[in-house]
Amino acid sequence: MSAPSPYPLGLRLAGRRVVVVGGGAVATRRVPALLDAGADVLLVSPELTPALRAHVDAGRLHWEPRRFAPDDLDGAWLVQAAVNDPAAAASVSAAAAERRIFCVRADDRAAATAWTPAVTRHGPVTVAVLGGGDPRRAMTVRNAIRDLLGARKGPLLTDSVAEGPPVNLPPAEERGPAAGRERAAGRAPGRVALVGAGPGDPELITVKGWRLLTEADVVVADRLVPGLLLDELRPDVELVDASKIPYGPSRAQEEINRILVDRALAGAFVVRLKGGDPYVFGRGGEELLACAAAGVPVTVVPGVTSSIAAPAAAGVPVTHRAVAHEFTVVSGHVAPDSPASLVRWDALAGLRGTLVILMGLKNLAAITETLTAYGRPADTPVAVVQEGTTGDQRSLRSTLGAVAADVVAVGLRPPAVVVVGDVVGVLDS
C-alpha cells in the first residue's frame, strides 16, 4: 500500500508566529519566504550566518542566541527545524507534536509533519509543487511551470537559452598546477558562472541567470541577493553564505576566490550569485581572474544594477531630456579625504548631469560637504532610496546641503542609493 499523499494547503502567516530553529544555510534559504509571507519569525540559534544577521539588524525578525527550548513554540503556528543534528531536530518535533504544531524538518522528511514544496512565483501567482517525497521531481515540474508562466521557452520544455562561450582563459600551461592535476586524474573540472541577481526584487534576475541558478551544484551568495531566490534552490545544493555586511562580519575575498576554484576543480557547477551586476563594484573581475589562473571556465551573466533600478523604482530617472544628458556612478565607501579614494570629487562637482552614489551612507556628510565645497549648489535636489525594488523600500527627497542630516533623522540604513541632480522630482506631478 502506497503512503498517503500530503494535503496541499496555502498558509496565511501574516502576523503569526513561526519559529525557525537553526541559523545556518538551511535557515538562510527558508527565512526570506517566511518574511515575504509576513510571518512573525522567531529564530533560535546560538550562531547566525551573516545574511540572517542582516535580517536581525534590520528588525525583520527576532533572534534568541541560544539553543532551542520547548517553550519557544508557545503561541507558534509553524516550526521549521533547520538543523542537521537528528537528536536536536527530534526534540523540536516532539515539542511541536505536544502542541499540535506542524513541523518541517531539514534532516528527515519522513519524520516531518509538513513539507516545504518547490515554489515559483510569478506576480500574484504562487505555485508550490510536491514530488511525493522526491525533491528533484518537484524541482523539475516546478521549473517547467515557471517557464510556462513566463510565456517563454525553457530548458525543460524546448530549446535552452544559448549560454554563449566562456570568458577567454590563458593558455593551458598558464592555468596553474591544480587544473593540471585534475586533468591528469581524468576528472573534468567544473565551471563557474558569475550571475548578477539584480537590485532586490527576485523577479528582476535575468532569464539566463535564473536558469543557471537552477542548474547549480554550489551557490556562493552575497548579502544583497534576493532571499526568495535561495528558497528556490534544489535541496541538495551547497549554499555558501559569502555575505559582506557593511562594517560587520565578512569573508575575505581571497577565501571566496578559493571556494569558487576548489569547488569547480572538484567537478561542481558553481554559481557566484551577486546583488546587482557582477562588475559594478561587485569584485566580479577579481573572481574571474582567480578562476582563470586555475583553469576554471567562467560565464558572466550581467545583472540589473541598483544604480539605475533603485532610482527608477522611486520615480527618479537617471537621465531626462533637456534635464540630464549624462549620469555618473561612483562608490562612496571610501571618504573623499582618504588617500585610498580614487574618485575625483572636484571634477564630479563641476558636472551638470546626474550623480549616483553607491555604498555612500556612512560617508554621506563628508561627500556632500566636499561636493558643495567644490561648487555644486547646496540646493541641488537629492533622493536617497533604501532597499530599492523590495518590499522594504524607503525613499527620501532632500537637498545636497540637508540630506546627510535628513538621512540620520529618518533612520535610513544601507543598502541605499543616493541620487544627486535635477532629475530628482522631474517626474513629480
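Everything below is about the structure printed above this text.
The following paragraphs examine the structure supplied in this document. Here the structure is a predicted model, which means the values were calculated and not measured. (Residues numbered from 1 in each chain as written. Predicted model: local features only at pLDDT ≥ 70, side-chain atom pairs only at ≥ 80, totals over all residues. Heavy atoms only, no water.)

### A look at the overall build of the protein chain
Turning to step 1, where the next piece is worked out: Looking only at helices and strands, the protein chain has 13 helices and 17 strands in total.
Turning to step 2, where the next piece is worked out: The buried share of the protein chain, reckoned over its 429 residues, is 47%.
Turning to step 3, where the next piece is worked out: Counted over contacts in the protein chain with a minimum sequence separation of 6, partners at least 24 positions apart contribute 63%.
Turning to step 4, where the next piece is worked out: Surface accessibility of the protein chain: about 20,400 Å² in total, with carbon and sulfur atoms responsible for 55%. (Helix = DSSP H or I, 4+ residues; strand = E, 2+ residues; numbered from the N terminus. Buried < 20%, exposed > 50% of the residue type's maximum accessible area, 1.4 Å probe, protein only. Contact = heavy atoms within 4.5 Å. Areas by Shrake-Rupley, 256 points an atom, 1.4 Å probe, with all protein chains shown as cover.)

### Some words on the pattern of salt bridges
Two side chains bearing opposite charge may form a pair once their charged atoms approach each other closely.
Turning to step 1, where the next piece is worked out: The final tally for this structure, using the stated rule, is 28 salt bridges.
Turning to step 2, where the next piece is worked out: Between E98 and R99 there is a salt bridge whose closest N-O contact spans 3.8 Å.
Turning to step 3, where the next piece is worked out: Since its relative accessible area comes to 64%, E98 is described here as exposed.
Turning to step 4, where the next piece is worked out: Salt-bridge contacts for E287 lead to R272; the nearest nitrogen and oxygen are separated by 3.0 Å. One end of the pair, E287, is in helix 9 (residues 284-293); the other, R272, is in strand 11 (residues 269-274), with 15 residues separating them in the sequence.
Turning to step 5, where the next piece is worked out: The exposure class assigned to E287 is buried, which follows from its relative accessible area of 0%.
Turning to step 6, where the next piece is worked out: Judged by its relative accessible area of 0%, R272 falls in the buried class.
Turning to step 7, where the next piece is worked out: One salt-bridge network, held together by shared partners, links R30, R121, D231 and E232. (Salt bridge = Lys/Arg side-chain N within 4 Å of Asp/Glu carboxyl O.)

### Notes on the pairing of strand 7 (residues 125-129)
Turning to step 1, where the next piece is worked out: Bridge count for strand 6 (residues 118-122) against strand 7 is five bridges, and the pairing is antiparallel. Along strand 7, the bridge assignment pairs H122 with V125.
Turning to step 2, where the next piece is worked out: Linking strand 6 back to strand 7 in an antiparallel pair, the connection comprises two residues, with G123 at a positive phi of about 60 degrees. (Pairing = 2+ DSSP bridges.)

### Observations regarding the sheet that holds strand 10 (residues 238-241)
Turning to step 1, where the next piece is worked out: Read across the sheet, five strands follow the order 10-9-11-8-12 without closing on themselves; strand pairing throughout is parallel. The sheet is open, and its two edges are formed by strand 10 and strand 12 (298-301), each paired on a single side. Averaged over all pairs of adjacent strands, the angle between strand axes in this sheet comes to 15 degrees, irrespective of strand direction. (Axes fitted to C-alpha atoms, helices over the stretch in contact; angles between N-to-C directions.)

### Structural notes on a nonpolar patch on the surface
Turning to step 1, where the next piece is worked out: On the surface, Y7, L9 and L11 cluster together to form a nonpolar patch covering roughly 410 Å² of accessible area.
Turning to step 2, where the next piece is worked out: Its place among the elements puts L11 in the segment before strand 1 (17-21). (Patch = residues over 30% accessible without salt bridge, like charges linked within 9 Å, V, L, I, M, F, W, Y side chains within 5 Å.)

### Digging into the environment of V44
Turning to step 1, where the next piece is worked out: Along the polypeptide, V44 turns up in strand 2 (residues 40-44).
Turning to step 2, where the next piece is worked out: Owing to a relative accessible area of 2%, V44 belongs among the buried residues under this scheme.
Turning to step 3, where the next piece is worked out: Discounting chain neighbours no more than four positions away, the residues touching V44 are V19, V20, V21, G22, E64, R66, R67, F68 and D72.

### Side note on unusual backbone geometry
Turning to step 1, where the next piece is worked out: With an omega of -5 degrees, the peptide bond between P414 and P415 qualifies as cis.
Turning to step 2, where the next piece is worked out: Among the secondary structure elements, P415 is positioned in the loop between helix 13 (403-410) and strand 17 (416-420).
Turning to step 3, where the next piece is worked out: Unlike most non-glycine residues, R100 shows phi in positive territory, near 60 degrees.
Turning to step 4, where the next piece is worked out: Mapped onto the elements of the fold, R100 is located in the loop between helix 3 (86-98) and strand 5 (102-105).
Turning to step 5, where the next piece is worked out: Even without glycine at this site, E387 takes up a positive phi of about 50 degrees.

### Some points on helix 4 (residues 135-149)
Turning to step 1, where the next piece is worked out: Spanning 15 residues, helix 4 covers 21 Å between terminal C-alpha atoms, matching the ideal 21 Å at 1.5 Å per step.
Turning to step 2, where the next piece is worked out: Buried within helix 4 we find A138, M139, R142, N143, A144, R146 and D147.
Turning to step 3, where the next piece is worked out: Turning to helix 4, the residues buried within the fold contact strand 6, strand 7 and helix 6 (207-215).
Turning to step 4, where the next piece is worked out: In this structure D134 caps helix 4, since a side-chain oxygen of it lies 3.1 Å from the backbone nitrogen of R136. (Expected span 1.5 Å × (residues − 1). Polar contact = N/O pair within 3.5 Å; in protein donor to acceptor, adjacent residues only side chain to side chain.)

### Regarding the packing of helix 8 (residues 253-265) against helix 9
Turning to step 1, where the next piece is worked out: At a minimum axis distance of 9 Å, the contact between helix 8 and helix 9 shows a crossing angle of 45 degrees. Taken as axis vectors, helix 8 and helix 9 run oblique relative to one another. Classified by chirality, the crossing of helix 9 by helix 8 is right-handed. Here Q253, I256, N257, L260 and V261 of helix 8 lie close against helix 9, whose contacting residues are E286, E287, A290 and C291.
Turning to step 2, where the next piece is worked out: For the contact of helix 8 with helix 9, the residue count by class is five nonpolar, two polar and two charged. (Parallel < 35°, antiparallel > 145°, perpendicular 65-115°, else oblique. Left-handed = near helix turned anticlockwise from the far one by under 90°. Nonpolar A, V, L, I, M, F, W, Y, C, P; charged D, E, K, R; others polar.)

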